[in-house]
Amino acid sequence: MKCLLIASESAEVLFYWTDPEFQQNIQQQYGSSQEEGQGLPAFEDSISTLFAPIIISCSTMVDRLGDSYTSFTTENNHIYVLHQFDECLYIAVNGDGEEGEDALRRKIYVMKKMIEVRFGMVTLSSNLLRRELRPQDTEQRARLWKHLQGLLETYSHLRENDQSFLVEAVERLIHPTLCEQCIEFLERRLVQQLNSSAERAGEEVLHAFILVHTKLLAFYSSRNASSLATSDLLALIIMAQNMYPSNVDQDDPGPESTSGSGPESFYTPEPSPTDRDSSKRVSSPMFEFMDPDVQMAEDSLQALEVPPPDPSTPRRVFLEISGKDGLYPMMPHSLYCLPLWPGITLVLLTKIPTSAVALSVYKFLEAFAKLEKCLNGGQEGSAAARGQLAIHDIRSKLDKFIKALGPSELQASQQNCWMILLNSLRSCLYFYFYSLIPWCKNMKTQLCGIYRQCFLIDSGPGDFPQRLSPRLQERAQTMAQEKLMDWKDFLLVKSKRNITMVSYPDFPGLIHFICVDRSTGQMIAPSLSTTERTTSELGKGPVAQFIKNKVWSLVSTTRNFLRKGYSTVTLRDGDFYFCYFLWFENEMGYKLEAGDIPLLPDDSAPIGMLAWDYYSRKLLRYYSKNHQGEVVRCYELLTVHLGVIPTEIILQHCRQLASKLWEPSRNPLL
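Here's what I pulled together on the structure shown here. Please read all numbers here as calculations on a predicted model, not as lab measurements.

## Overview of the overall build of the chain
Within the chain, the regular secondary structure consists of 20 helices and 16 strands. Across the 670 residues that make up the chain, the buried fraction comes to 52%. For the chain, contacts bridging at least 24 residues in sequence account for 71% of all contacts bridging at least 6. Taken as a whole, the chain presents about 31300 Å² of accessible surface, with 51% of it coming from carbon and sulfur.

This is how it looks when you write it as structure tokens:
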């Protein structure tokens, strides 16, 4: 019984996702109220009718009280979590007891993050975002909602089954030799050939990386690229998994492919197979309707046959970049996901030729936001004077921007709209003070409209395609396959048994651990497989599942304590002893003194690195105030011990494990 809804203030559905149980419940509820002989109402209408009282109630409370509720629980124990982002209301519901308020709030923020990656600065304008989320064309709306629903389902699956998405950090495949060879291959062969090709249509490959399921085998960034934020990298992994889902049972070539998984293991590649047909996509739907009656009653939008996208067509994504004068969010890139084999994917991230336009649009958005803030503060006279200075500065920069932007920078279909908007910008600069504040808001909307025209409107058939040619993509795919052909079976098994507790015999009684470097957004943990097919030190099936549930519960508990300002947590739960430590080090690896942790309200953004980077944006900035001019790094360690181990031995293990996992080179123990 799960649901996530995005609605406007007028109760118009902008997006929804439900699991089969919630959908069946709604259809039964509203189907029984229909007169005999009438068909079931469209599911979108039913869900709008269901949530309309809640949406109207929220709007009324905001209008009359200036406040609203963030969560509530009904008599039948259904939990509702609500959050208002500008004029869009997000509502997450759980009725089966599997998700609490924290999990629902995290799902809301992750959905917002994926929408920002998908639509960029258009999300800064509620009017434009509503139009993007709910296109008038029914088929286009069905395609978009299906895509967003797939992203949410993929995230939920990874959150429930993958340790890296549990703690929201990237996990690398640990094999130093192969990783180094692949990075060299990406740098000296793949990226160099792509960027020197005439078929790249002005695009430049900034980042290239190879994923084995969700684990990072190799990552390379060109010299012209800024660092890729952990939040964006995790979002890209979700998108890659959504396009080419990993099927654990079918992707696994069998345990005989490798004799071990620790650093001491040796592997002899098998002879290269000649069959290339293994590159076909292997996927299975995450939810299936088994009841034919339920399937017949599916929403008319979902019943539409949505054609799959062209694999050679890149996804437009909007990511954060760092410039000389600060961070610039939601800059346009092209995302290429090239499947090598089921479970192994080559990902290319390119800079598009008109990306400088997005940079300028963001700077103007910032300028208008500062002007609006300036006009809203102080006395009218002084505010007007400050506003006049800001207006002249904006106009000067705007004129330079218009002159520098040649006709070739934009496609022909965008020229007319662009000039209309710029003329509007120029003419509005002569408004008097009393109309400047609404004018600022209007100009921000129009700038977002320019951004939308440049980066979100599909190109017409006559426009020059700004993308890597299909032949160039195929060449990159073939090169990567040739490089990894002898290693693919090993990699698929290695991804499931990256490291194991066998590698740590010096810690008797230690069952499991997760260590995270929050400064780099990377984590290391023993594999935790719960399938009957794969055996680990924890056994298989119910035993491993029991330990997994304990680990997932521990992470949730420690986040609640961290929100309240605790950096150390020790808990005894039956036969187990749990520990959590958060600490800071300088660049030389010396531990810094413990400091206060900022307190967070219960309804704050969730602690993590995917939806919002709590560690770099909040925690490290807060702690670094007392360490000016010093590089501060943040680490987390979670351990699970048998309860019979003495407490002093457990604490000793934690200290030794922390020093062993992260060597002075700041690389994981490989």
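Back to the text.
## Points about the side chain of Glu636
By secondary structure assignment, the location of Glu636 is in strand β16 (residues 632–642). A polar contact is formed between the side chain of Glu636 and the side chain of Tyr615, at a distance of 2.9 Å. Discounting chain neighbours no more than four positions away, the residues touching Glu636 are Ile514, Cys515, Val516, Arg518, Leu562, Tyr580, Phe581, Leu582, Trp583 and Tyr615.

## A few points about the sheet that holds strand β7 (residues 204–212)
Strand pairing in a sheet relies on backbone hydrogen bonds. The paired strands run either parallel or antiparallel. Judged by pairing direction, the sheet is antiparallel, and its 5 strands sit side by side in the order β8-β7-β11-β10-β9 without closing on themselves. On the outer flanks of this sheet lie β8 (215–221) and β9 (315–323), each paired with one strand and no other. This sheet shows a mean twist of 30 degrees between the axes of neighbouring strands, independent of strand direction. With 8 bridges joining them, β7 and strand β11 (residues 344–351) adopt antiparallel strand pairing. Across the sheet, residue His207 finds its bridge partner in β11, namely Leu349. Sheet strands in contact with helix α12 (residues 355–376) are β9, β10 (326–341) and β11, and its direction is about 145 degrees off that of β10.

## Description of the pattern of salt bridges
A full pass over the atoms with the stated rule returns 23 salt bridges. Lys488 serves as the salt-bridge partner of Asp489, at 3.5 Å between the closest nitrogen and oxygen. The class for Lys488 is buried, based on a relative accessible area of 14%. Put simply, Glu12, Glu44, Arg134 and Arg141 are held in one network by salt bridges that share partners.

## Overview of the environment of Leu217
In this fold, Leu217 is placed in strand β8. Of the residues examined, Leu217 reaches a relative accessible area of 1% and is grouped as buried. Considering only alpha carbons, one finds Leu217 and Glu180, 37 residues apart in sequence, at a separation of 9.4 Å. Those residues in contact with Leu217, other than ones at most four positions away along the chain, are Leu173, Leu178, Cys179, Cys182, Ile210, Val212, Leu484 and Leu491.

## Notes on the environment of Asn586
Assignment of secondary structure puts Asn586 in strand β15 (residues 576–586). The class for Asn586 is buried, based on a relative accessible area of 12%. Once the C-alpha coordinates of Asn586 and His627 are considered, the two residues, 41 residues apart in sequence, prove to be 9.3 Å apart. Not counting the four nearest positions on each side in its chain, Asn586 is found in contact with Leu592, Glu630 and Val631. Only 2.9 Å separates the side chain of Asn586 from the backbone nitrogen of Tyr590, close enough to count as a polar contact.

## Thoughts on the packing of aromatic side chains
The description of an aromatic ring pair rests on the distance of the ring centres and on the angle between the ring planes. Evaluated as defined, the whole model comprises 20 aromatic pairs. Taking the centre distance of 4.7 Å and the plane angle of 10 degrees together, the rings of Phe72 and Tyr80 count as stacked. Among the residues examined, Phe72 registers a relative accessible area of 25% and is labelled partly exposed. On the basis of relative accessible area, Tyr80 is assigned to the buried category, the value being 10%. Of the aromatic side chains, those joined through ring pairs into one cluster are Phe15, Tyr16, Phe43 and Trp145. Stacked on the ring of Phe85, the Lys or Arg Lys112 has its end atom at 5.0 Å from the ring centre.

## Digging into unusual backbone geometry
Backbone geometry places Asp86, a non-glycine residue, at a positive phi of 55 degrees. In this fold, Asp86 is placed in the loop between β4 (79–85) and β5 (88–94). Its identity is not glycine, yet His213 carries a phi of approximately 55 degrees, on the positive side. Following the sequence through the fold, His213 ends up in the loop between β7 and β8.

## Considerations on helix α2 (residues 43–65)
Along its 23 residues, α2 runs 33 Å from first to last C-alpha, staying within 8% of the 33 Å computed at 1.5 Å per residue. Within α2, the axis deviates most sharply at Phe51, by approximately 45 degrees, and proline Pro53 lies no more than four positions further along. Three or more residues of α2 are buried, namely Phe43, Glu44, Ser46, Ile47, Phe51, Ala52, Ile54, Ile55 and Cys58. Phi turns positive one or two residues past the end of α2, at Gly66, with a value near 70 degrees.

## A word on the nonpolar core
One finds Ile6, Phe51, Ile91, Met111, Leu236 and Tyr451 to be the most contacted residues of the largest nonpolar core, which totals 104 residues. Those residues in contact with Met111, other than ones at most four positions away along the chain, are Leu4, Ile6, Phe15, Tyr90, Leu148 and Leu152. Membership of the second largest hydrophobic core comes to 35 residues, among which are Leu562, Tyr580, Ile607 and Tyr614.

Conventions adopted
Residues numbered from 1 in each chain as written. Predicted model: local features only at pLDDT ≥ 70, side-chain atom pairs only at ≥ 80, totals over all residues. Heavy atoms only, no water. Helix = DSSP H or I, 4+ residues; strand = E, 2+ residues; numbered from the N terminus. Buried < 20%, exposed > 50% of the residue type's maximum accessible area, 1.4 Å probe, protein only. Contact = heavy atoms within 4.5 Å. Areas by Shrake-Rupley, 256 points an atom, 1.4 Å probe, with all protein chains shown as cover. Polar contact = N/O pair within 3.5 Å; in protein donor to acceptor, adjacent residues only side chain to side chain. Pairing = 2+ DSSP bridges. Axes fitted to C-alpha atoms, helices over the stretch in contact; angles between N-to-C directions. Salt bridge = Lys/Arg side-chain N within 4 Å of Asp/Glu carboxyl O. Phe/Tyr/Trp six-rings, centres within 6.5 Å; stacked < 30°, edge-to-face > 60°. Lys NZ or Arg CZ within 6 Å of the ring centre and 35° of its normal. Expected span 1.5 Å × (residues − 1). Bend = angle between axes of the 7 residues up to and from the residue. Core = buried A, V, L, I, M, F, W, Y, C linked by side-chain atoms within 4.5 Å.

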